[in-house]
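The chain contents come next:
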Amino acid sequence: MDIKLQEEFNGRINLEFNSAYLYFAMSTYFSEIYMSGFSSFMKEIALEKLNSAQTMYDYLVLRDEKLVFEKITEPDSDWINISDVFSVSLSHEEYIQEKTRELFKLAQETNDVGVMSFLKNIIIKSEFVLSKLRKMVFRIKNSNIIPTSIELLDNAILEECSN
């Protein structure tokens, strides 16, 4: 594997761990304000991020590439409200997708077909997370019409996460 590609791939693994940390912080925020559904939703995404990091880790091990472990940074957690948390998570996930596409482009430039093939699956999984978050942002922004609807939405999300 090209050295630059290997470095960026390692950085991408670290980004997944940082993302999991962020989503666990969001889950905790929702637990603290008694929104169990939203908490479960964010915890589910955090676990997906850990799984993605492990999958990427396993891929580098499979290819006998060097793994570099970086610090996991403390996530910002000064959210204003529920809508803010979901807007931050959507922006973060769009950033993740952008970084994955940059890594894919680097794999193309170095003609690493294996990495390109591997990253296609990561990109598809990321699209599902983005879709979930876009729907949640839409639902939350439209819940302002009825004051109790945010609690109803939280309960509905809790039920969805349980299934």
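To keep things clear, this report deals only with the structure shown in the data block. Since the model is a prediction, treat every value here as computed from it, not as a measurement.

Okay, the overall build of the chain next. Summing up its helical and strand segments, the chain has 5 helices and 0 strands in all. What you see in the chain, going N to C, is helices and strands ordered as α-α-α-α-α. Its C-alpha atoms give the chain principal-axis dimensions of roughly 55 × 30 × 25 Å. For the chain, the proportion of its 163 residues judged to be buried stands at 43%. As displayed, the chain offers around 9,300 Å² of accessible surface, 54% of which is attributable to carbon and sulfur atoms. If the 17 positive side-chain charges of the chain are averaged to one point and the 26 negative ones to another, these points end up 4 Å apart.

F30, F38 and F86 are the most contacted members of the largest nonpolar core, which has 26 residues in total. Those elements giving two or more residues to this core turn out to be α1 (3-32), α2 (36-62), α3 (82-109), α4 (113-142) and α5 (149-162). When residues no more than four places from it in sequence are discounted, the contact partners of F30 are M35, F38, S39, M42, I82, V85 and F86. Core analysis: the second largest hydrophobic core is formed by 17 residues, Y59, F104, L106 and I122 among them.

Moving on, we get to unusual backbone geometry. One non-glycine residue with positive phi stands out, namely Y34, at about 60°. Structurally, Y34 can be placed in the loop between α1 and α2. A positive phi is found at N111, a non-glycine position, where the angle reads about 55°. Assessed through its relative accessible area of 59%, N111 is described here as exposed.

On to the environment of Q54. With respect to the secondary-structure elements, Q54 resides in helix α2. Exposure remark for Q54: the relative accessible area of 46% places this residue in the partly exposed category.

For N14, the location among the structural elements is in helix α1. On the basis of relative accessible area, N14 is assigned to the buried category, the value being 11%. With residues up to four places along the chain from it excluded, the contact list for N14 reads E70 and K71.

Further remarks concern the pattern of salt bridges. If you walk through the whole model with that rule in mind, you get 9 salt bridges. Across the salt bridge formed by E93 and K49, the nearest N and O atoms sit 2.5 Å from each other. Remark: K49 occurs in helix α2 and E93 occurs in helix α3; sequence separation between them is 44 residues. A relative accessible area of 0% means that E93 is categorised as buried. R101 is the partner of E127 in a salt bridge, and the nearest nitrogen-oxygen pair spans 3.0 Å. Of the two residues, E127 is situated in helix α4 and R101 in helix α3; the sequence distance between them amounts to 26 residues. Among the residues examined, R101 registers a relative accessible area of 44% and is labelled partly exposed.

Conventions and cut-offs
Residues numbered from 1 in each chain as written. Predicted model: local features only at pLDDT ≥ 70, side-chain atom pairs only at ≥ 80, totals over all residues. Heavy atoms only, no water. Helix = DSSP H or I, 4+ residues; strand = E, 2+ residues; numbered from the N terminus. Buried < 20%, exposed > 50% of the residue type's maximum accessible area, 1.4 Å probe, protein only. Areas by Shrake-Rupley, 256 points an atom, 1.4 Å probe, with all protein chains shown as cover. Lys, Arg positive; Asp, Glu negative; His and termini not counted. Charge placed at Lys NZ, Arg CZ, Asp CG, Glu CD. Core = buried A, V, L, I, M, F, W, Y, C linked by side-chain atoms within 4.5 Å. Contact = heavy atoms within 4.5 Å. Salt bridge = Lys/Arg side-chain N within 4 Å of Asp/Glu carboxyl O.

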